[in-house]
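Single-letter residue listing:
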Amino acid sequence: MTTRLAINGQVYSVDDDPGTPLLYVLRDTLKLNGAKFGCGLGQCGACTVMQDGYAIVSCLMPIGVVAGSQIKTIEGLGSRAHPGVLQQAFIDEQAA
Ligand code: FES
């Protein structure tokens, strides 16, 4: 079954099972590696992405649930050449 995902303004069609966590699809299928695997339990926030403007933990969110939503990952905030506001703040403060 194909699932359509709108991520960072681009639509992707993926053949992963609709029950697959979004984090796995982001990292393994789409190679968007900004969201990280930390605990896998929804507790650490390393996998956080935005769904329709709200933060969600992608390790617990099946792709079948977020299909039709607008997903934004850290890659969607800006680029190396043109960092977004949050990225620039991390650069300015030398934050990790
Ligand atoms: Fe820790 Fe998702 S990996 S909350």
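What counts and what doesn't
Residues numbered from 1 in each chain as written. Predicted model: local features only at pLDDT ≥ 70, side-chain atom pairs only at ≥ 80, totals over all residues. Heavy atoms only, no water. Buried < 20%, exposed > 50% of the residue type's maximum accessible area, 1.4 Å probe, protein only. Helix = DSSP H or I, 4+ residues; strand = E, 2+ residues; numbered from the N terminus. Pairing = 2+ DSSP bridges. Axes fitted to C-alpha atoms, helices over the stretch in contact; angles between N-to-C directions. Contact = heavy atoms within 4.5 Å.

Caption draft 1: Representation of the pairing of strand β1 (residues 3-7) within the structure. Counting buried positions along β1 gives four out of five residues, so the element sits mostly inside the fold. Examined bridge by bridge, β1 and strand β2 (residues 10-14) share five bridges and lie antiparallel to one another. By the bridge assignment for β2, Thr-3 is matched with Val-14. As judged from the two bridges shared by β1 and strand β5 (residues 70-72), these two strands associate in the parallel manner.

Caption draft 2: Just unusual backbone geometry, in detail. At Lys-31, a position not held by glycine, the phi torsion is positive, near 60°. The class of Lys-31 is exposed, set by a relative accessible area of 58%. One non-glycine residue with positive phi stands out, namely Asp-52, at about 50°. Relative to the helices and strands, Asp-52 is located in the loop between β3 (48-51) and β4 (54-57). The exposure class assigned to Asp-52 is partly exposed, which follows from its relative accessible area of 45%.

Caption draft 3: Examining the sheet that holds β3 more closely. Across the sheet, five strands lie side by side as β2-β1-β5-β3-β4; this open sheet has mixed pairing. Each having just a single partner strand, β2 and β4 make up the two edges of the open sheet. With direction set aside, neighbouring strand axes in the sheet form an average angle of 40°. In the packing of helix α1 (residues 22-29) onto the sheet, the strands contacted are β1, β2, β3, β4 and β5, and the crossing angle to β1 comes to about 80°.

Caption draft 4: The arrangement of the side chain of Thr-3 in detail. You can see Thr-3 is positioned in strand β1. With residues up to four places along the chain from it excluded, the contact list for Thr-3 reads Tyr-12, Ser-13, Val-14, Asp-16, Pro-18, Ile-63 and Ala-67.

Caption draft 5: Inspection of the environment of Gly-38 at higher detail. Topologically, Gly-38 is positioned in the loop between α1 and β3. Gly-38 gets classed as partly exposed once you look at its relative accessible area, which sits at 41%. The spatial distance from the C-alpha of Gly-38 to the C-alpha of Cys-59 is 8.9 Å, given a sequence separation of 21 residues. Residues in contact with Gly-38, not counting those within four places in the same chain, are Cys-44 and Ala-46.

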